[in-house]
Every structure is written in C-alpha cells, then in structure tokens.
Amino acid sequence: MTSPVWHPFFQHGLNEAIPHVVRAEGALLHLADGSTLIDAISSWWVTTHGHCHPRIAAAIAQQAGTLDQLIFAGYTHEPAEEVARGLIALAPRADDQPKLAHVFYSDSGSTAVEVALKMALGYWHNLSLDGAAQARSRILVLDHSYHGDTIGAMSVGERGVYNAAWTPLLFDVDTIPFPAPGREQACLDALEVACARHPAAFLVEPLILGAGGMFVYSAEVLREMAAICRRHGVLFIADEVMTGWGRTGTVFACEQAGVVPDIMAVAKGITGGAIPLAATLATAPIFEAHRSTDRARLFYHSSSYTANPIACAAAVANLAIWREEDVLGRITRLAQAMADRLAALARHRAFANPRQAGTIVAIDLVTPDAGYLSDLAPRLRAFFLERGLLLRPLGNTIYLMPPYCLDADQLDRIFAALHAAGEKFGSHA
C-alpha cells in the first residue's frame, strides 16, 4: 500500500527506499525488519546525548501528566522559567560586551532565526520612533549560508534550486563573501564597507556553515566580524541552531571567539534532540527597545505552542545533563577519535578537503559528478544504508555529526564505509 506521507527534502519520484524505524537507543536506530542503523548525523543534527536518553524521557513523561500546554502570552510555568535561567547561565559572555539577558521561545531553528530578524528590525524601528536612531532595515549575510526554510529564513540564506520557486516572496539582503582560506581579509574588508552603510544586522553561522556545504572558518575571523559590527553599531546575530550544544567543541561556537552576540538563535540540541523547542536570546537593549507603556510597541510574534511545558521539561533535563555530567569531556574524546580517523581517510586519493569543527567532520569525494543535485548523493545514501548507516551527503560532500555517545566500534564502522565509498565512487575508480 502506498503511504500518504509526503517526506521533506525527499524526491518521491526516485522511489528510494524509506526505512521504517520502530525504536531508537543511543546511537542506534532499530528498523521494522530487525536490522539497525548507526545514526551518524544525529537525525538531522538534533540528537546530542543519544536517542531516548533516560533522564530526558522521564522528564517528558512526568511533565505530560502535570501540565501539557499553556498559552504563553502573559502566562508562565516553571519549566520555561528554569530553561531561560539555564540558557542565560550557559550563554557566551565577555566582560567587555553586554550579556544575553532575555529568552524568547519558539519551536524550530527556522522560527528562532525569524524571531531574531524581527527583533533586530523591531529594535531599530522602535529607536527611530523615539528619535534615538534612524530606522535600519538591511540585513547582511554570509555567502553559502543556510538558516532555515520559512520565508524570512530562506531570504537570508543562499539562493538556489531549493528556494527558487518562492523567489517572489523573498526579501533582498547584502551578501558578504565567505572567508575561505586565503580570502579572509577580503571577507572582512567587504563587511567593513557594508557596515559603513548602516545596515540593521549581520547574521552568521559561527565557525562552520551547515547545509551550505560544511565550510569552516576560524574563530579569529568570527571575532573580527563581531568587532567590525560593534564599531559600526550593527547588530550581530549568531545562528547557533546547528553549531550550539557542543557540536564545535564548546557549548556554543561563539565562545571560541570570545564573542557575545546581540541576538542568538538556538534549537536542535536544546532538548537533547527529543522534542521540538527553540529559543532566541537577546541582550537587554534589544528587550528594552520593545518594552513600553505603548501596547503598539510590543513584540508581535508567537505560535500556539510557544514554550510548551513538555518541551521545556525536556530542555530542563538536558540542561541538568550538561551541568552534572562530563559532556564536554565526551565531546573532546569523540572529536579526537574522529580527527584521527579523518586524517587517515584524507590520505586516500578519492578524497579531498578534509575539515573539522569539534564533532563535525566533512570531506569531499573527488568525482566529476559533484554538486547538491548530483546523482551521486542518492547513490551514496543507498550505499551507506546497505552498510547500516544513516548518512545524508550534501552532493559529493560526506559529513558526520554523530551523537556524543558514539563508541569506537561504531566510529570504525562509519569510517570503513567511507573508505569503501571512496573505492567505489571516487573518480579514480
């Protein structure tokens, strides 16, 4: 019987296999046919400590029987309050920069970015009403960036086949060239020129671009980007949806640059990957620009499930794991094990451009059939599926972003499959 389900980022016309997953534990997905898959990309980058983590699952079950949902417009509950306090405590901080002090909830990475953009524009709009500054509306973004699939998030991301159908809905932005190796100064110079035109904000994925190709840049460049924005009074927005929760080796990537963004979007690992939740953190000046006795100046954004108590309870449990367990130690050990294996794989003539940021590694398969829409990607997905791996290459770029519970044997299986893929699909084959 044909399923009525319409899957995301999946071309049903290709008739690719759709595995039926019945349960999960740790880094493993168990299928209906009795086989297992190693979840080498954390089920779209969300699962941090492992699937069905007992502490998070128990928190969800307990909260579901206590308070399941509450309108958050003028009401509150303890899980939301506790998560907000925990996020602020974990957020990047520096003595010379205003701290992130306020938390606005939403339900996905895309909406967290939408909220960030609306906060930035609302900030400048409200300052202009007071005569304190001119209204600013232009957004700066990095080339090759990706920030989600809602209209605003698509507008500030790379333009291409994946959003061409909705071009009439997208707003214009100014793009800064990516700071590729040897091109860092060109990026910074372009940002300096663009900031001199007084845009509203500069939005970045710190240290590594995700869906745009897993491109890595240095903490030094990130630090200078933020400094340029500060000199020109341009709001600095960090999209830590993918990079947050330890993926780059620290809780948030901005820590490595000593940068405190004016606005920061988080999601994915905020609940350990168990249930949807997102948050946008802002400094006090952003919040104060919206606080007024004039009800017309409130921040007009919400969704029905804003700060859902069950999702917040999962986040409370996740924050407790970060406080009470050696998560960063696990990340450091996993990152080193991945680095060792990546170095060995990079010596294979079928691969090029190895790169790593914490527990995120990527490498390009040398092939004439490259690019996001190449026929190689579905063939690689099938190849890895046959070997018991959930991997989703970006064209000829194969990347790993596993949960932190991955063990050495599982890691060896993954890299053995990558080596075999190079033998089968590399241009030398």
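Here the structure is a predicted model, which means the values were calculated and not measured.

Colleague: What is the right way to look at the UniProt feature "binding site: substrate" (unreviewed entry) in the protein chain in this model?
Modeller: The positions UniProt marks with the feature "binding site: substrate" (unreviewed entry) are Trp44, Tyr146, Lys268, Ser302 and Arg392. In sequence the annotated residues extend across 349 residues, and in space they extend as well, their farthest C-alpha pair lying 32.4 Å apart. The subset of the named residues that lines the largest cavity consists of Tyr146. By secondary structure assignment, the location of tryptophan 44 is in helix H1 (residues 42–45). Residue tryptophan 44 is classed as partly exposed on the basis of its relative accessible area of 35%. Leaving out residues up to four positions away in the same chain, tryptophan 44 has contacts with Pro8, Phe9, Lys268 and Arg392. Its place among the elements puts serine 302 in the loop between helix H8 (284–290) and helix H9 (309–324).

Colleague: Which parts of the structure should I look at to understand the UniProt feature "binding site: pyridoxal 5'-phosphate" (unreviewed entry) in the protein chain?
Modeller: Residues annotated by UniProt as "binding site: pyridoxal 5'-phosphate" (unreviewed entry) correspond here to Gly109, Ser110, Asp239, Ser303 and Ser304. Considering the C-alpha atoms alone, the annotated residues occupy 196 residues of sequence and remain spread out, their largest mutual distance being 23.1 Å. Here glycine 109 is in contact with His147, Val241, Ala267 and Ala278, once residues within four sequence places are set aside. By the element assignment, serine 303 lies in the loop between H8 and H9. A residue is classified by how much of its surface remains accessible, and serine 303, at 26% relative accessible area, is partly exposed.

Colleague: How should the domain arrangement of the protein chain be read in this particular structure?
Modeller: The extent of an interface is frequently quoted as the accessible surface area lost upon association of the parts. For the protein chain, the assigned domains are domain 1 (61–324) and domain 2 (326–425). For domain 1 versus domain 2, the distance between C-alpha centres works out to 28 Å. With 19 residues of domain 1 in contact, the opposing surface of domain 2 contributes 20 residues. Here domain 1 packs against domain 2, burying approximately 1,500 Å² in sum over the two surfaces, 71% of which is carbon and sulfur. The largest per-residue losses of area from domain 1 upon contact with domain 2 belong to Met214, Arg247 and Trp322, which jointly make up 42% of the total buried on that side. For the side of domain 1 that touches domain 2, the leading source of residues is H9, giving three residues. Residue classes in the side of domain 1 that touches domain 2 are distributed as 11 nonpolar, six polar and two charged.

Colleague: Explain the sheet that holds strand S10 (residues 235–239) to me, please; I cannot follow it from the model alone.
Modeller: Strand-to-strand pairing in sheets goes through backbone hydrogen bonds, with the strands running parallel or antiparallel. Across the sheet, seven strands lie side by side as S4-S12-S11-S10-S7-S5-S6; this open sheet has mixed pairing. The open sheet has two edge strands, strand S4 (100–106) and strand S6 (174–176), and neither has a second partner. Across this sheet, the average inter-strand angle for adjacent strands is 20 degrees, counted without regard to direction. The pairing of strand S5 (residues 139–142) with S6 spans three bridges and is parallel. Across the sheet, residue leucine 140 finds its bridge partner in S6, namely aspartate 174.

The rules behind each value
- Residues numbered from 1 in each chain as written.
- Predicted model: local features only at pLDDT ≥ 70, side-chain atom pairs only at ≥ 80, totals over all residues.
- Heavy atoms only, no water.
- UniProt positions renumbered as here; feature names shortened; annotations may be inferred.
- 1 Å grid on protein atoms, 1.4 Å probe; cavity = no way out; pocket = protein on both sides within 12 Å on 5 of 7 lines; lining within 4 Å.
- Helix = DSSP H or I, 4+ residues; strand = E, 2+ residues; numbered from the N terminus.
- Buried < 20%, exposed > 50% of the residue type's maximum accessible area, 1.4 Å probe, protein only.
- Contact = heavy atoms within 4.5 Å.
- Domains from an automatic or database assignment.
- Buried area = accessible area lost by both parts, 1.4 Å probe.
- Nonpolar A, V, L, I, M, F, W, Y, C, P; charged D, E, K, R; others polar.
- Pairing = 2+ DSSP bridges.
- Axes fitted to C-alpha atoms, helices over the stretch in contact; angles between N-to-C directions.

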